[in-house]
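Coordinates in review
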Amino acid sequence: MLAKEELGMDAIVMNIKKNLPRGIYKLFRKPSVEITAAVDENIVYQPKKEELPKRNPNIIYDDFPAASKGAAPTVIEQKLDKLQDMLENQMAERMQKGDFDVAKEKGGQEEEKDSNLACLQLIYNQLIANEVDEQYANQVISEIEHSLKKNSDVNNILMSVYQKIVLKLGQIHTVDGGKEQVKYIFFIGPTGVGKTTTIAKIASMLKMNKKKKIALMTADTYRIAAVEQLTTYANILDIPLHVVYSADEVKEAREQLKDYDLVLVDTAGRSHKNREQRDDLEEFLKSVPDDEREVYLVLSATTKYCDLIRITDSYLQITDYALIFTKLDETGSVGNILNIHMKTGAPLSYATFGQNVPDDIDVIDPQSIAKQLLGGSK
């Protein structure tokens, strides 16, 4: 049909060829189709390109389009291209120095040196530069090293590492539920990470996009501003807000909220060093039965890794949780997303990248995270 639309009804399709992207871009570009058609024995080649939808500049997409002539490539594409060039240049230099001689005497036997090691070392350095913990960088590289054939192509090595990181990041867990009974979604975490704003963003998404019947609840009565902030959001979204001061009041409010799908619960920021505050939080969470609640730990992506370890360990003593990372717009590295996920085993969920409600939030994309970890720091 495309050939006839372009050349007229007399056009005859002579050949259809599928072109696969080469090099590192085969990870991110879609295959193209080349059509050869003829009219009156004159062969005409006419490639067709898919129109690209309008993109949100705050989101890194998976299907990077090929950069057209004269157009600037995406930042991530540039970084991956640079990494591939670095890998290939280093491999070429070592070849010139004779580091990869076919045979080398060892224990009376000839052993072929494996050029994969130099490539994996550079990728390892890239992960460390993006603040991936040495333990997890070594784990990724070690698992890849044992699965590669000797002297693998640079593209294959890079693709294998990319796929391994995506698998390590795992399945994403998001807020859902409300099918048979009310689901209570608790948001916990230290002060100043943006819990209240994050709750407003998720409430907006669930109401507008998923058409869920939403209510809000807050136990953050230590900060008057937090209650006022949620009150404002509740009025805008036209949803109820319940302010509670104890676990007993949660039980009382549940009777009034039995007709809702989801209740999003804001909690006061707790110090992971204060055992009494942790005990209070644990009692508050247990005011809702296990099968009716989910818990999300909200963390700032700008927090130091050593502090994130202490925070996540402390909350694991109270409850299981999924992970939300805020303030991605304030950091150039996403290594801690991989680190904390691998350390805690907790599933990833959302990431926020600004204060705008409801726009500056999205589900964490493992493919985008993997690209950033391999693409270099900002």
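Check the entry above for the structure.
Procedures and definitions
Residues numbered from 1 in each chain as written. Predicted model: local features only at pLDDT ≥ 70, side-chain atom pairs only at ≥ 80, totals over all residues. Heavy atoms only, no water. Helix = DSSP H or I, 4+ residues; strand = E, 2+ residues; numbered from the N terminus. Buried < 20%, exposed > 50% of the residue type's maximum accessible area, 1.4 Å probe, protein only. Contact = heavy atoms within 4.5 Å. Areas by Shrake-Rupley, 256 points an atom, 1.4 Å probe, with all protein chains shown as cover. Pairing = 2+ DSSP bridges. Patch = residues over 30% accessible without salt bridge, like charges linked within 9 Å, V, L, I, M, F, W, Y side chains within 5 Å. Salt bridge = Lys/Arg side-chain N within 4 Å of Asp/Glu carboxyl O. Lys, Arg positive; Asp, Glu negative; His and termini not counted. Charge placed at Lys NZ, Arg CZ, Asp CG, Glu CD. Core = buried A, V, L, I, M, F, W, Y, C linked by side-chain atoms within 4.5 Å.

On to the overall build of the chain. The helix and strand inventory of the chain stands at 12 helices and 13 strands. By the burial criterion, 45% of the 378 residues in the chain qualify as buried. Contacts in the chain between residues far apart in sequence, at least 24 positions, make up 74% of those at least 6 positions apart. Accessible area for the chain stands at about 20500 Å²; split by element, carbon and sulfur atoms hold 47% of it.

Moving on to the pairing of strand E6 (residues 183-188). For E6, the tally of buried residues reaches 6 of 6 residues, placing the bulk of the element in the interior. With burial as the criterion, each face of E6 is covered, one bearing Lys183, Ile185 and Phe187 and the other bearing Tyr184, Phe186 and Ile188. Bridge count between E6 and strand E9 (residues 262-266): 5 bridges; the pairing is parallel. Within the sheet, the bridge partner assigned to Lys183 lies in E9 and is Leu262. When E6 meets strand E10 (residues 293-300), the two strands line up parallel, connected through 5 bridges. The partner of Tyr184 across the bridge, within E10, is Arg293.

Topologically, Leu117 is positioned in helix H3 (residues 116-129). Classification of Leu117 as partly exposed rests on a relative accessible area of 47%. For the pair Leu117 and Asn151, spaced 34 residues apart in the sequence, the C-alpha separation amounts to 8.8 Å.

For the rest of this paragraph, the subject is a negative patch on the surface. Taken together, the side chains of Asp248, Glu252, Glu276, Asp280 and Glu283 make up a negatively charged region of the molecular surface. At the level of secondary structure, the elements contributing two or more residues to the negative patch comprise helix H8 (247-256) and helix H9 (275-285). Per element, the largest residue contribution to the negative patch is 3 residues, and it comes from H9. With respect to the element layout, Glu276 can be found in helix H9.

Of all 10 residues making up helix H11 (residues 335-344), 9 are buried, and the element is well covered by its neighbours. Along H11, the residues that are buried comprise Gly335, Asn336, Ile337, Leu338, Asn339, Ile340, His341, Met342 and Thr344.

Here we come to the nonpolar core. If you look at the biggest cluster of nonpolar residues, it comprises 64 residues, and the most contacted ones within it are Ile165, Tyr184, Met217, Leu323 and Phe325. Element by element, the count of residues in this core is highest for helix H5 (residues 154-169), at 7 residues. Sequence-distant contacts of Phe325, that is, excluding residues within four places in its chain, are made with Leu299, Ala301, Asn336, Ile337, Ile340, Leu348, Tyr350, Ala351, Thr352 and Ile364. Counting 24 residues, the second largest nonpolar core, distinct from the first, contains Phe187, Ile202, Leu216 and Tyr233.

Shape descriptors only; they carry no functional weight alone.
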